[in-house]
Amino acid sequence: MATVPTLTLNNGVEIPQLGFGVYQIPPAETADAVATALDLGYRHIDTAEMYGNEKGVGQAVARSGIERDEIFVTSKLNNGFHRREDALRAFDRTLADLGFDHLDLFLVHWPLPGIDVDYVETWKAMEEIYAGGRCRAIGVSNFREHHLRRLFGETEVRPTVNQIEVHPYLAQDDLRAFDAEHQIVTEAWSPIAQGKVLGDPVITAIADRLGRTPAQVVLRWHVQRGDVVFPKSSSSERMAENFALFDFELGTEDMAALTALDRGERTGPDPDTFNWVPRG
Ligand code: NAD
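In this text, all values refer to a predicted model and were calculated from it rather than measured experimentally.

*Asks:* Any chance you could explain the overall build of the chain here in plain terms?
*Replies:* Each helix and strand in the chain was counted, giving 10 helices and 10 strands. Taken over C-alpha atoms, the radius of gyration comes to 18 Å for the chain, in line with the 19 Å a tight globule of 280 residues would show. Along the first, second and third principal axes, the C-alpha set of the chain runs to 55 × 40 × 35 Å. For the chain, contacts bridging at least 24 residues in sequence account for 75% of all contacts bridging at least 6. Accessible surface, the chain as shown: approximately 11900 Å² in total, 47% of it carbon and sulfur. Counting 27 positive and 43 negative side-chain charges, the chain places the averaged centre of each group 3 Å from the other.

So this is what it looks like as structure tokens:
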């Protein structure tokens, strides 16, 4: 089984660079999907309260027989819980749903700059959660440079990661460089743009030449750029395909050709205007 490299976060915690994402996996199917991923060698799972499937992740981890500290689990604070007291309670619920005594990484899912709670208050609650010792690292998701600068100016703890949309059609090189300058690891969500980049002729030509699949070429590009990725799939064949990234390399020209596909195209919302809060 291939060894997945780890990256070291700015507080010394190690994170496997490749994981398994569970967005859009129905709750009733999540335990089986995560069990398959763990069998294939994945040791990093990315979930969120918003996905409604934390319980399934926890069940699969518990049933796997693998030591808890060998599996890195991330979850995220949902948009309705940005107020301090709500955030503290939401973290407790996430731990209870996972059935864990600690979480590896907890993220603010979206900055929500237009709602009536300032994300600086939310981040201060995250600092309290971190100080409480039941979460090994805290970070943010979908933060742009100006959101991060406010945290740097007004709070104490530096986020360990920034989880943002990144793929060949949205290379995000400016924000990734900003993250890196500030010792923040970039995690690339929707790393294959939910499949939209896989038919691109530049990508299929590289894949054909190397005898790899388009998904493997794109995921390998992310890994060589130093980002963390956690592609989602419900099929064990694709999970295995997406895990087989560590026995080949892309040359400088192929790396540049993928990066040159950037056209600033999002598959998801723009963090500056996304202010959606689930009801109830
Ligand atoms: P993705 O880029 O991982 O693509 C998933 C889609 O591609 C699925 O439909 C799957 O069937 C298909 N696919 C997977 N492997 C394939 C392969 N080898 N060949 C062909 N098709 C394949 O998209 P995603 O699920 O949106 O993103 C991955 C993870 O990122 C999520 O599961 C979640 O954990 C995280 N995420 C976070 C945010 C956020 O706001 N923080 C937003 C979206 C996703």
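*Asks:* What's the story with the site of the ligand in this structure? I'm lost.
*Replies:* As a structural note, the neighbourhood of the ligand is formed by 27 residues, with Asp46, Ser141, Ser190, Gln194 and Asn242 the closest of them. Between the ligand and serine 190, the relevant distance is 2.8 Å, taken from an oxygen atom to a side-chain nitrogen or oxygen of the residue. For the ligand, the accessible surface in isolation is 830 Å², of which the surrounding protein chains cover 89%. Counting residues per element, the shell around the ligand draws most heavily on helix 9 (residues 236-243), which supplies 3 residues. Residues belonging to the shell around the ligand are distributed by class as follows: 12 nonpolar, 10 polar and 5 charged.

*Asks:* Please clarify how the side chain of arginine 68 should be interpreted in this entry.
*Replies:* Its place among the elements puts arginine 68 in the loop between helix 2 (54-64) and strand 5 (72-77). Polar contacts involving the side chain of arginine 68 include one to the side chain of aspartate 104, which spans 3.0 Å. Apart from residues lying up to four places away in sequence, arginine 68 is in contact with Val61, Val73, Phe100, His102, Leu103 and Asp104.

*Asks:* Which parts of the structure should I look at to understand the environment of aspartate 270?
*Replies:* With respect to the helices and strands, aspartate 270 occurs in the segment after helix 10 (252-259). Overall, the relative accessible area of 26% leaves aspartate 270 in the partly exposed class. Separated by 126 residues in the primary sequence, aspartate 270 and arginine 144 place their C-alpha atoms 9.8 Å from one another. In terms of polar contacts, aspartate 270 uses its side chain to reach the side chain of arginine 144, at 3.0 Å. Within polar-contact distance, the side chain of aspartate 270 engages the backbone nitrogen of aspartate 272 at 2.9 Å.

*Asks:* Explain helix 10 here, please?
*Replies:* For the α-helix, the turn length of 3.6 residues means that residues three or four positions removed from each other point alike. Looking at helix 10, one finds that the buried residues are Asp254, Met255 and Leu258. The buried residues of helix 10 all sit within an arc of 105 degrees when viewed along its axis, so they share a single face. Residues Thr252 and Glu253 are exposed on helix 10 and point more than 90 degrees away from its buried face. For helix 10, the elements touching its buried residues are helix 7 (201-210) and helix 8 (214-225).

Rules behind the numbers
- Residues numbered from 1 in each chain as written.
- Predicted model: local features only at pLDDT ≥ 70, side-chain atom pairs only at ≥ 80, totals over all residues.
- Heavy atoms only, no water.
- Helix = DSSP H or I, 4+ residues; strand = E, 2+ residues; numbered from the N terminus.
- Rg over C-alpha atoms; globule rule 2.2 N^0.38 Å.
- Contact = heavy atoms within 4.5 Å.
- Areas by Shrake-Rupley, 256 points an atom, 1.4 Å probe, with all protein chains shown as cover.
- Lys, Arg positive; Asp, Glu negative; His and termini not counted.
- Charge placed at Lys NZ, Arg CZ, Asp CG, Glu CD.
- Near = heavy atom within 4 Å.
- Polar contact = N/O pair within 3.5 Å; in protein donor to acceptor, adjacent residues only side chain to side chain.
- Nonpolar A, V, L, I, M, F, W, Y, C, P; charged D, E, K, R; others polar.
- Buried < 20%, exposed > 50% of the residue type's maximum accessible area, 1.4 Å probe, protein only.
- Arc of directions from axis to C-beta.

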